Each structure stands twice: as structure tokens, then as C-alpha cells.
Amino acid sequence: MGWLWAIIVGLVLGVIAKAIIPGKQHSPLWLTTICGILGAVVGNAIARAVGVSETRGIDWSRHIFQLVAAIVIVAAVDALYLATLGKRKHRARV
């Protein structure tokens, strides 16, 4: 059940990150989901390091760390994707 939640959270974080990043992202949905999962893991690690891993009620600060990490990771991976695989696919369409 833990893997299912990781995939769901990764999908949601990745899609939100893609929506926040300006411009068009070219990475596929599966790669965005993996980036969202990585963003959740990195965000949790940063929250633990800062000392806000658990709070009363909803952990808004932890979720913000996760979202910021997902935004950074999605942007970086999308740039790498476009520089490698995406450029070939983009040229084939044009």
C-alpha cells in the first residue's frame, strides 16, 4: 500500500509542479510522476532536517517543502529530457 500512495502523491506533485513551471514541459507523464516521487522524498528529508517533519494537524510546511522540491526536480529533469531524448522527438514532429 505504501508504493501505491507514493505513486499517487508523486503523480499529484508532479502535475502541480508542471502547472506551476512557466512554459511547456516536454517530459512524459511517467517521468513527471517519478520526479514527483523524488520531490516528496527530498521534501520530507529537508523538512526533517529543518525540524518540521511532524506538526499538529496538516503538515503544511512539509507539503510546501515537497512541492518546492518537486518543482525544482521536474524543471531540471525536463530540461535534461529535452536536451537528450526530447530533442530528437521534437525534430521528428517538425
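Refer to the structure printed above.
Source: prediction; values computed, not measured.

Asks: When you look at the nonpolar core in this model, what are you seeing that I'm missing?
Replies: The tendency in soluble globular proteins is for nonpolar side chains to be buried side by side. Residues L13, A17, I21, C35, A40, A70, I73 and V74 constitute the largest nonpolar core, which totals 8 residues. Of all elements in the fold, only α1 (2–20), α2 (29–50) and α3 (60–93) reach the threshold of two or more residues within this core. For this core, the element with the most residues is α3, which contributes 3 residues. Among all residues touching V74, those that are not within four sequence positions of it are G14, A17, K18, I21 and C35.

Asks: Is there a simple way to explain a nonpolar patch on the surface in this structure?
Replies: A grouping of L4, W5, I8, V9, V12, I16 and I20 is seen on the molecular surface, where their side chains present a nonpolar patch of about 600 Å² in accessible area. Among the structural elements, I16 can be located in helix α1. A relative accessible area of 36% means that I16 is categorised as partly exposed.

Asks: Would you mind showing me how to read the side chain of Q66 here?
Replies: Locating Q66 in the fold gives a position in helix α3. Not counting residues within four places of it along the chain, the set of residues in contact with Q66 comprises L13, G39, A40, G43 and N44.

Asks: I would appreciate a short explanation of α2 in the present structure.
Replies: An α-helix turns once every 3.6 residues. As a result, residues three or four positions apart point the same way. Taking 1.5 Å per residue, 22 residues should reach 32 Å; α2 reaches 31 Å between its end C-alpha atoms and fits that length. Turning to α2, its buried residues number three or more, namely L31, T32, T33, C35, G36, G39, A40, G43 and A47. G51 lies just past α2 and shows a positive phi near 100 degrees.

Scoring rules and cut-offs
Residues numbered from 1 in each chain as written. Predicted model: local features only at pLDDT ≥ 70, side-chain atom pairs only at ≥ 80, totals over all residues. Heavy atoms only, no water. Core = buried A, V, L, I, M, F, W, Y, C linked by side-chain atoms within 4.5 Å. Buried < 20%, exposed > 50% of the residue type's maximum accessible area, 1.4 Å probe, protein only. Helix = DSSP H or I, 4+ residues; strand = E, 2+ residues; numbered from the N terminus. Contact = heavy atoms within 4.5 Å. Patch = residues over 30% accessible without salt bridge, like charges linked within 9 Å, V, L, I, M, F, W, Y side chains within 5 Å. Areas by Shrake-Rupley, 256 points an atom, 1.4 Å probe, with all protein chains shown as cover. Salt bridge = Lys/Arg side-chain N within 4 Å of Asp/Glu carboxyl O. Expected span 1.5 Å × (residues − 1).

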